[in-house]
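The primary structure of each chain is shown beneath.
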Amino acid sequence: MIQIKGRVVCILSNYISFWRLLNSVDKRTQIQKSTGYIFNLPNCSKAKRIKSDSSQISNMIGTNGVSKESDKCNDKAPTELEAFDALFPALVDTLTKDGINDPEISQAVNWFKKVLEYNVPFGKKNRGISVVASYRQFVKNPTEENLKIARILGWCVELLQAFFLVADDIMDSSLTRRGQPCWYKNKDVGLIAINDSFFLEGSVYQLLKKYTRDKPYYVDIMELFLETTFQTVTGQCLDITTAPPEAKVDFTQFSVAKHAAIVKWKTAFYSFYLPVALAMYMAGISDEESHRNAKTILLQMGHFFQVQDDYLDCYGSPEVIGKIGTDIEDNKCGWVIVMALERASQEQKDALKANYGRWDKECVQRVKDIYKELDLQTVYKQYEENSYQELMVLINKLSGDLPKEVFINYANKIYKRNK
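Rules and cut-offs
- Residues numbered from 1 in each chain as written.
- Predicted model: local features only at pLDDT ≥ 70, side-chain atom pairs only at ≥ 80, totals over all residues.
- Heavy atoms only, no water.
- Core = buried A, V, L, I, M, F, W, Y, C linked by side-chain atoms within 4.5 Å.
- Buried < 20%, exposed > 50% of the residue type's maximum accessible area, 1.4 Å probe, protein only.
- Helix = DSSP H or I, 4+ residues; strand = E, 2+ residues; numbered from the N terminus.
- Contact = heavy atoms within 4.5 Å.
- Salt bridge = Lys/Arg side-chain N within 4 Å of Asp/Glu carboxyl O.
- Axes fitted to C-alpha atoms, helices over the stretch in contact; angles between N-to-C directions.
- Parallel < 35°, antiparallel > 145°, perpendicular 65-115°, else oblique.
- Left-handed = near helix turned anticlockwise from the far one by under 90°.
- Nonpolar A, V, L, I, M, F, W, Y, C, P; charged D, E, K, R; others polar.
- Phe/Tyr/Trp six-rings, centres within 6.5 Å; stacked < 30°, edge-to-face > 60°.
- Lys NZ or Arg CZ within 6 Å of the ring centre and 35° of its normal.

Asks: Could you give an account of the nonpolar core, naming the residues involved and the relevant values?
Replies: Ranked by internal contacts, the top residues of the largest apolar core, which has 108 residues, are Leu200, Phe225, Met301, Leu352 and Tyr371. Of the residues forming this core, the biggest block, 15 residues, is contributed by helix H8 (residues 144–172). Beyond its immediate stretch of four places on either side in the chain, Leu200 contacts Val115, Leu116, Asn119, Val120, Leu159, Ala162, Phe163 and Val166.

Listed below in structure tokens is the structure:
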């Protein structure tokens, strides 16, 4: 009973932080909630926002996926992010236009359109953009047609991630995602979000079929997406079963090796190897050695990234990272608690066991106090520096005929990130 009351108090406390977060986010979120507009167009007072409406798409997006509004308000070519964003409404239209006009399923397809517009376009889009950036490194002077395909594959990665995140938020009882309520937390959504996550996954294969079925790399990328999905759900299972939410805390399951396995399977494959491998297949690079070397580099990079994520869950500002961290309450086998257990005295371990995995504000603060006693922020900074240097050595050793810039640029995107 005490545990339940503690959880309620902690949830209420998190909701207060959550509403503060919503009040502090920029106008992007406010407009999004009421209109479903797509952002990251040029900062021009005359620029219109692209709405996911098929009647506007033909007037606003060229065949190469670049917003025509960019040319009206800025003499400069659109940035890659702007070109990437400008393609999204057309993909929503592709996925929904036939079904919306079918009276048998129009109700479901209109719902799915909302699912797409809410869950897909508002992340950092590093994974999706990395497909395009990597392809540009592999192929000099790429055609506009192939750049469009690379952007579509990038959006397929973003759709896959949205599928994972919608489901993960339900399993973790998360409150916010990307500065707004988790999809399942919205009115009239709830556990319908489980089916919505299946739709997001299925959308990947609809787009692959439409845009790449006649390409020589179609089978390779289909198999890559299927394999990556299997790897990621395996990692999610490792994560959930190692420390089930609200289960009794069992630190015997927490170790550096277990954390590394969770990170590798849950995050690194889809976040780091997948985008670069897609670009490699597009560029005609399909030999096993090149992919094996790229995978070795990118999986280590993925581990580096997830350690950052674990750290930011505890120390990051919700206003900056876009979510309220709950790894302590959720009994997660994260990097911070693993480092704490390696360094803690028996007395500190006993205190951690008594307070970890509890939805109680005072318990959470006690855990953080012990983290402070162990100076884990300094431990993290040392880890970040060492990992980055080790990554550079690995890139120099294994990149071979692949352009080093692909991996270096990727690493620099995440080095010392704060969100």
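Asks: Can you break down the pattern of salt bridges residue by residue, with the values?
Replies: Scanning all chains against the criterion turns up 13 salt bridges. Between Lys266 and Asp168 there is a salt bridge; the shortest N-O distance is 3.4 Å. Of this pair, Lys266 sits in helix H11 (residues 256–282) while Asp168 sits in helix H8, and the two are 98 residues apart along the sequence. Take Lys266 and Asp168: they sit in the same class, and that class is buried.

Asks: Residues and numbers for unusual backbone geometry, please.
Replies: Phi at Ser173 is positive, roughly 55°, even though this residue is not glycine. What makes Ser173 partly exposed here is its relative accessible area of 28%. Residues other than glycine seldom take positive phi values, yet Asp188 does so here, at roughly 70°. Among the secondary structure elements, Asp188 is positioned in the loop between strand S4 (180–181) and helix H9 (192–212).

Asks: Could you give an account of the packing of helix H10 (residues 218–242) against H11, naming the residues involved and the relevant values?
Replies: Running from N to C, H10 and H11 point in directions that differ by 165°, and their axes come no closer than 8 Å. In terms of axis orientation, H10 runs roughly antiparallel to H11. You can see that H10 and H11 cross each other, and the crossing is left-handed. Across the contact of H10 with H11, the residue classes break down as 14 nonpolar, seven polar and four charged.

Asks: I'd like to hear about the packing of aromatic side chains, residue by residue, with values.
Replies: Taken as a whole and judged by the stated rule, the model has 19 aromatic pairs. Aromatic pair Phe88 and Trp155: ring centres 4.7 Å apart, planes at 40°, arrangement tilted. Of this pair, Phe88 sits in helix H5 (residues 80–100) while Trp155 sits in helix H8, and the two are 67 residues apart along the sequence. Here the two residues Phe88 and Trp155 agree in accessibility, since each one is buried. Three or more aromatic residues link up through ring pairs in this structure, and these residues are Phe304, Tyr311, Tyr315, Trp335, Tyr380 and Tyr383. The ring centre of Tyr211 lies 5.7 Å from the NZ or CZ of Lys210, which sits over that ring.

Asks: I'd love a proper account of the packing of helix H6 (residues 106–119) against H9, names of residues and values included.
Replies: The packing of two helices is summarised by the inter-axis angle and the distance between the axes. Put simply, H6 and H9 touch, their axes get as near as 10 Å, and they point 80° apart. The orientation of H6 relative to H9 falls into the category roughly perpendicular. Judged by residue contacts, Trp111, Phe112, Val115, Leu116 and Asn119 of H6 engage Ile192, Asn195, Asp196, Phe199, Leu200 and Ser203 from H9. The residue inventory of the contact of H6 with H9, partitioned by class, reads seven nonpolar, three polar and one charged.

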